[in-house]
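# Observations on the model geometry
Given next are the chains, with one letter for each unit.
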Amino acid sequence: MAAGARACPPRVLVCLGVLLARWVAAGFEALVIGEVHENITLRCGNVSGPRGPVTWYRNDSEPVFLLSSNSSIPPAEPRFSLANASSLHIKVLRPQDEGNYTCREVLNETRWFRVWLQMARGPYEVEVNISSTGALPNGTLYAAKGSQVDFSCNSSSRPPPMVEWQFQAPDSSTETFGNNLTASCFSLLLMSQNLQGNYTCLATNMRSRRQRKVTTELLVYFPPPSAPQCWAEMSQGSLMLQLTCRWDGGYPDPDFLWTEEPGGVVVGMSKLGVKMLNQSQLSDGKKFKCVGSHIVGPELGASCVVQIKPLNIGGIVGTIVSLLLLGLAIISGLLLYYSPVFCWKGNTFRGQDMGDVMVLVDSEEEEEVEEENAAEEEEEEEEEANEGEESPEEIPKHGHIHRVTALVNGNVDWMANGLQALQDNSSEEQSDIIQEEDRPV
């Protein structure tokens, strides 16, 4: 820069400084944003067509020569070069390159064009801090349900960046939590399941519009609300004992550890809580303990115990024998009840139903009932009266003939036997009466 300054006579620089001071007060024609470590090109006015010789100056407290289209005059620094015969090209911008630049063109007349270069830098780094409960091996953060989580984000840039937080739940749109300059902090007092998702800190350079963001996934975990349950059962089709432990209602699923008690000998670990044991591992009275552990507590986990009880062989055999004897007794009773070989009398009346009726009617009552057939009965009575005069005097109470009328459903044979028995009894009584009358008094 000093060499370039010496190329111009002192009188010219003094006059140029006066002109530049006047033009600076009038304002600038262009504003250009450049980023540190990048390259940039400053145009010498918005003019098309042929261009005349140009010279570029830096406007500090006094004009500083940078570059000329005259090849005999070297640039102030190797970083400066002429592009498109009139534009100033600057390589690897530095923060101190920010300032005012002036282009002087001589073509029929002298024209001046002013450019204001503003430097921007970053944001290069975005620092995010989330006070979560813990982190998974892959770096994913998690928080316990109901806990408080603090969020902070900051970044540095030139000028200071605008920092904002964004949240996106699974299968939903992005929500903005607010923005602030340089840093942004907020807290969520009670974490819930609907606050699980991706949290993004976005830092924006308001001058260059360059952005940088960091996205962090935050999971919300909670243990099961109740105690675990465990049981044992024989596996179907094998002689294996299956131990099962369940602890439902939490997120994510807990881990299960089976131990043999007492002693705490580890039997197995699984995510499903199922463990198969063979007969060699079993004995009467042995206990197995299932311990469920969750990533967010409780710290000591939750447990349940299964005890292998001995089989009551005597009770099982006694129950089987009792059932067999009961079945035998029922079958024997049925055979005795339905077979005529064992119980004839029961079989005789068994065929009747509740509709069977047997009526005993006295001969005198029957005559009153059968008055409609009086003519036929009178003849029979006259014949009986004649026979009665010739025969010895009968005792009236033994002279009644009993007739049996029965309405029987399907028991005609039985009624016939009954009638025959009554007739035989009546004949025996009459013979006894006659014999008594033949005896001498």
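Look above for the structure.
Before going into details, it helps to say that this report is about the structure given with it. (Residues numbered from 1 in each chain as written. Predicted model: local features only at pLDDT ≥ 70, side-chain atom pairs only at ≥ 80, totals over all residues. Heavy atoms only, no water.)

The subject of this paragraph is the overall build of the chain. The helix and strand tally for the chain stands at 7 helices and 26 strands. Put simply, the chain has 441 residues, and 32% of those count as buried. Summarising the internal contacts of the chain: among those between residues at least 6 apart in sequence, 61% fall at separations of at least 24. (Helix = DSSP H or I, 4+ residues; strand = E, 2+ residues; numbered from the N terminus. Buried < 20%, exposed > 50% of the residue type's maximum accessible area, 1.4 Å probe, protein only. Contact = heavy atoms within 4.5 Å.)

Below, the discussion takes up the side chain of Arg-58. In this structure, Arg-58 sits in strand β3 (residues 54–59). At 3.0 Å, the side chain of Arg-58 forms a polar contact with the backbone oxygen of Gln-96. Within the structure, Arg-58 has its side chain in polar contact with the backbone oxygen of Glu-98 (distance 2.8 Å). The residues contacting Arg-58, other than those within four sequence positions of it, are Pro-63, Val-64, Leu-66, Gln-96, Asp-97, Glu-98, Gly-99, Asn-100 and Tyr-101. (Polar contact = N/O pair within 3.5 Å; in protein donor to acceptor, adjacent residues only side chain to side chain.)

Below, the discussion takes up the state of the cysteines. Taken as a whole and judged by the stated rule, the model has 4 disulfides. The partner cysteine of Cys-44 in its disulfide is Cys-103, sulfur to sulfur 1.7 Å. Of note, the bridge from Cys-44 to Cys-103 carries an S-S torsion of about -80° and is left-handed in sense. In this pair, Cys-44 sits in the loop between β2 (40–42) and β3 while Cys-103 sits in strand β7 (residues 99–107), placing the two residues 59 residues apart along the sequence. Comparing Cys-44 with Cys-103 shows no difference in burial state: the two are buried. Cys-245 shares a disulfide with Cys-290; S-S distance 2.2 Å. Handedness here is read from the sign of the S-S torsion; for Cys-245 and Cys-290, about -90°, the answer is left-handed. (Disulfide = S-S within 2.5 Å.)

Take the sheet that holds strand β18 (residues 229–234) next. Taking strand neighbours across the sheet as the criterion, the 3 strands line up as β18-β19-β22 in an open arrangement whose pairing is antiparallel. Of all strands in the sheet, those with a lone pairing partner are β18 and β22 (274–277), marking the two edges. Strand-to-strand twist in this sheet, taken as the mean axis angle between neighbours without regard to direction, amounts to 15°. In this sheet, strand β19 (residues 241–246) lies alongside β18 in antiparallel orientation, the contact comprising 6 bridges. For Met-234, the partnering residue across the bridge sits in β19 and is Leu-241. (Pairing = 2+ DSSP bridges. Axes fitted to C-alpha atoms, helices over the stretch in contact; angles between N-to-C directions.)

Glancing now at a nonpolar patch on the surface. Among the surface-exposed residues, Leu-326, Ile-330, Leu-334, Tyr-337 and Tyr-338 lie close enough to one another that they form a single nonpolar patch of about 550 Å² accessible area. Structurally, Leu-326 is set in helix α3 (residues 313–338). (Patch = residues over 30% accessible without salt bridge, like charges linked within 9 Å, V, L, I, M, F, W, Y side chains within 5 Å. Areas by Shrake-Rupley, 256 points an atom, 1.4 Å probe, with all protein chains shown as cover. Salt bridge = Lys/Arg side-chain N within 4 Å of Asp/Glu carboxyl O.)

Take the packing of aromatic side chains next. Scanning the model with the defined rule gives 9 aromatic pairs in all. Considering the side-chain rings of Trp-165 and Phe-186, the 5.6 Å spacing of their centres and the 80° angle between planes classify their relative orientation as edge-to-face. Here Phe-186 lies in strand β15 (residues 183–188) and Trp-165 lies in strand β13 (residues 162–168), a separation of 21 residues in the sequence. Both residues of the pair, Trp-165 and Phe-186, belong to the buried class. Put simply, the rings of Phe-151, Trp-165, Phe-167, Phe-186 and Tyr-199 pair up and form one aromatic cluster. Residue placement shows Lys-145 over the ring face of Phe-222; its charged tip is 5.0 Å from the ring centre. (Phe/Tyr/Trp six-rings, centres within 6.5 Å; stacked < 30°, edge-to-face > 60°. Lys NZ or Arg CZ within 6 Å of the ring centre and 35° of its normal.)

What follows is about the pairing of strand β11 (residues 141–144). Because side chains alternate across β11, one face comprises the buried residues Leu-141 and Ala-143, and the other comprises Tyr-142 and Ala-144, equally buried. Sheet topology note: the strand β10 (residues 134–135)/β11 ladder contains 2 bridges and is antiparallel. Bridge pairing links Gly-134 to Tyr-142 in β11. Connecting the antiparallel pair β10 and β11 is a turn made up of 5 residues, with Gly-139 showing a positive phi of about 95°.

Time to look at the environment of Cys-201. Structurally, Cys-201 is set in strand β16 (residues 197–204). The exposure class of Cys-201 is buried, given its relative accessible area of 0%. Residues Cys-201 and Ser-184, spaced 17 residues apart in sequence, show a C-alpha to C-alpha distance of 8.7 Å. Excluding its chain neighbours within four sequence positions, the residues that come into contact with Cys-201 are Val-126, Val-128, Cys-153, Val-163, Glu-164, Trp-165, Arg-212, Lys-213 and Val-214.

In space, the 3 strands of this open sheet follow the order β9-β12-β15, with antiparallel pairing throughout. On the outer flanks of this sheet lie β9 (126–130) and β15, each paired with one strand and no other. Direction aside, neighbouring strands of the sheet carry axes that sit 10° apart on average. Inspection of the sheet shows β9 paired to strand β12 (residues 149–155) by 5 bridges, in the antiparallel sense. Across the sheet, Asn-129 pairs through a bridge with Ser-152, a residue of β12.

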